[in-house]
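Topology and contacts: notes
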Amino acid sequence: MALLTHLLVSVFGVGSWVAINGLWVELPLLVTELPEGWNLPSYITVVIQLANIGPLVVTLLHRFRPGCLSEVSIIFAILLVGTAACILLAFLWNVTSRVLGGHHSLAFILLTFFLALVDCTSSVTFLPFMSRLPAHYLTTYFTGEGLSGLLPALVALAQGAGISTCVNVSESSDATRSPVTTQETHNTQGLGSPSVWTPGGHLESQYLPARFSTLVFFLLLAAMMACCLAAFFFLERQHWAQPGSIEDLLQSQVTLNSIRPREEKSAGPLGMADSSQSKACLEEKAAALHPAQLAFVYVLVAFANALTNGVLPSVQTYSCLPYGSLAYHLSATLSAMANPLACFLSVFLPNRSLPFLGVLMVLGTGFGAYNMAMAVMSPCPLLQGHWGGEVLIVASWVLFTACLSYIKVMLGVILRDRSHSALVWCGAAVQAGSLLGAVLMFPLVNVLRLFSSADSCNLDCSA
């Protein structure tokens, strides 16, 4: 039974961000078909931030009208909306409409908003729901949340999304292009790479045809959302005898003490001593975090999610593509695998020490700073064209993701043991940090254009 519950919780966690993560990994195929082209990521970023109206409303109602919202009903509603939106997206993703004199993917943008609304609202509903379950299931939930990035990445990898080749294109006199030689992009990188060149021609990067269509990909996302809905249905039908937090334990003990018969209260000094010791132990745990420490926990939650959900994802292509498409795909896939593995590691090596988590945050931020520095130096970062540079950038992305994933799990466990309300505010901090990171990076990337993209087919850093 416990193993089945762990499986259900993990599948439930997958539904938290699987839809939006699926959109990101499918971008290489979407941008070649939709009229927005490579401006599409900017539209998706703005839409995701607009969808933060969902968690904002839930958090405000929780604060000023506690008890007016049914947590279970909200989760059922958003999972149904997410499943329906994925199904509609499978058939309407390439439908365009004429808006303000130009063609735009209005259906895609509107359905993306609903998917973002589902995923953003999950931060302030899924976590509080997990307070109903015993504490050890929270780590399983975070593992499932990590899988929400890995599973779409593996599907996209099987699909062949984003795999490109360098094509030597010659210009003929009538301005028509003819491909001369084709070579995989990652083979043009590194020492001893063969160089393909034809007089009067130049290399262009072209994406390989996908093994299955975008329609099939979105239907697979819809299946993942449907599995999450089914997992939540079975989880909600289970009855948990254990209280959800230390505060709930204290309230339960006070209630029991108030209704205990007078003669039982005076049973003897041993019973009274045991009760006092148990209550003192619980009160000590509940009061373990001072206000300053609690504020520090929420700052860590917001900062970690700002880095992982807003700041660094915006520059991953800039930091990795100069080293070749192989380095880019390895960093994206292995870092997606590092997320659930770090969550799983926390089961066997838990450490709630705030100083330890602070030091680990500094270490993870250091790896993130290296990734950012390489993005700023694009298209010619350190050790470009050398295998050592590829190893470093892949390792840096994997360790950055692993460190911050472990931190987020342990912070969630700390807040889960405090109260249901603490998990609601944890979800709000997650969304606030993600919003802050995205808002900070959007003008730097899309308006000021401080980062230069690398064309791995025509990259020359010898100067």
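Residues numbered from 1 in each chain as written. Predicted model: local features only at pLDDT ≥ 70, side-chain atom pairs only at ≥ 80, totals over all residues. Heavy atoms only, no water.

1. Here's the deal with the overall build of the chain
How we decide: Numbering goes from the N terminus for both helices and strands, where a helix is a DSSP run of H or I of at least four residues and a strand is a run of E of at least two. Relative accessibility under 20% of the residue-type maximum defines a buried residue, over 50% an exposed one, and the middle range a partly exposed one, all with a 1.4 Å probe and only protein chains included. Contact definition: two residues touch when any of their heavy atoms are within 4.5 Å.
The secondary structure content of the chain amounts to 19 helices and five strands. Here the chain holds 463 residues, and the buried ones make up 48% of them. For the chain, the proportion of contacts with a sequence separation of at least 24, taken over those separated by at least 6, is 83%.

2. Observations concerning helix α5 (residues 53-64)
For clarity, the threshold we go by: Expected helix span is taken as 1.5 Å per residue step, with the number of steps being one fewer than the number of residues.
Its 12 residues place the ends of α5 16 Å apart at the C-alpha level, agreeing with the 16 Å of an ideal helix rising 1.5 Å per residue. Its buried side turned inward, α5 meets α7 (106-122) and α19 (420-447).

3. A few points about the side chain of S148
Relative to the elements of secondary structure, S148 occurs in helix α9 (residues 136-159). When neighbours within four sequence positions are excluded, S148 is seen to be in contact with G13, V14, S16, W17, V18 and N21.

4. Some remarks on the environment of M441
With respect to the helices and strands, M441 occurs in helix α19. On the basis of relative accessibility, which here comes to 3%, the residue M441 falls in the buried class. Separated by 129 residues in sequence, M441 and L312 have C-alpha atoms that sit 8.8 Å apart.

5. Quick look at the environment of A19
Its location among the elements puts A19 in helix α2 (residues 18-25). Counting along the chain gives 96 residues from A19 to L115, while the straight-line C-alpha distance between them is 6.3 Å. Dropping the residues within four chain positions of it, A19 is found in contact with C86, L115, D119 and L221.

6. A short note on the packing of helix α6 (residues 71-92) against helix α10 (residues 214-237)
Let me state the cut-off plainly: Angles shown run from 0 to 180 degrees and are taken between the N-to-C directions of axes, each axis being a line fitted to C-alpha atoms and, for helices, limited to the stretch in contact. In what follows, roughly perpendicular refers to angles from 65 to 115 degrees, roughly parallel to angles under 35, roughly antiparallel to angles over 145, and oblique to any angle outside these ranges. Put simply, a crossing is left-handed when the front helix is turned counterclockwise from the back one by less than a right angle, and right-handed when it is turned clockwise. Ten residues, namely Ala, Val, Leu, Ile, Met, Phe, Trp, Tyr, Cys and Pro, are considered nonpolar, four, namely Asp, Glu, Lys and Arg, are considered charged, and the remaining ones, Gly among them, are considered polar.
For the pair α6 and α10, interaxial distance at closest approach is 8 Å and the crossing angle is 165 degrees. One element, α6, and the other, α10, form an angle in the roughly antiparallel class. In this structure, α6 crosses over α10, and the sense of that crossing is left-handed. From α6, V72, I75, F76, L79, L80, G82, T83, C86, I87, L89, A90 and F91 reach across to α10, where they touch L215, F218, L219, L221, A222, M225, A226, C228, L229, F232, F233 and E236. Of the residues contributing to the contact of α6 with α10, the split by class is 21 nonpolar, two polar and one charged.

7. Notes on the state of the cysteines
Quick reminder of the rule: Throughout, disulfides are identified as pairs of cysteine sulfur atoms within 2.5 Å of each other.
Taken as a whole and judged by the stated rule, the model has zero disulfides. The structure places no disulfide on C227, whose sulfur is separated from the nearest cysteine sulfur, that of C228, by 8.8 Å. Taking relative accessible area as the criterion, C228 reaches 0% and is therefore assigned buried.

8. Comments concerning a nonpolar patch on the surface
Put simply, the rule reads: Patch definition: residues with relative accessible area over 30% and no salt bridge; like charges joined within 9 Å; nonpolar side chains (Val, Leu, Ile, Met, Phe, Trp, Tyr) joined within 5 Å. Surface accessibility follows the Shrake-Rupley procedure with a 1.4 Å probe radius. Residue values consider only the protein chains on display as shielding. One speaks of a salt bridge when a side-chain nitrogen belonging to Lys or Arg is within 4 Å of a carboxyl oxygen belonging to Asp or Glu.
A cluster of nonpolar side chains, namely I87, L88, F91, L92, V95 and L219, defines an oily patch on the protein surface of about 480 Å² accessible area. Among the elements that line the nonpolar patch, the one with the most residues is α6, at four residues. Structurally, V95 can be placed in the loop between α6 and β1 (97-99).

9. Things to note about the packing of aromatic side chains
Threshold: Between rings of Phe, Tyr and Trp, where Trp is taken as its six-membered ring, a pair exists when centres lie within 6.5 Å; planes separated by under 30 degrees are stacked, by over 60 edge-to-face, and by other angles tilted.
Summed over all chains, the structure comprises 13 aromatic pairs. On the numbers, 6.0 Å between centres and 45 degrees between planes, the contact of F12 with Y141 is tilted. Residue F12 is located in helix α1 (residues 2-14), and its partner Y141 is located in helix α9; the two are separated by 129 residues in the primary sequence. Given a relative accessible area of 0%, F12 falls into the buried group. Look at Y141 and you get buried, because its relative accessible area is 1%. Each ring, one from Y318 and one from F451, has its centre 5.6 Å from the other, and the planes form 35 degrees; the classification is tilted. With Y318 in helix α15 (residues 316-320) and F451 in the segment after α19, this residue pair connects regions lying 133 residues apart in the sequence.

Note that every value here comes from positions in space, so none of it alone points to a role or purpose.
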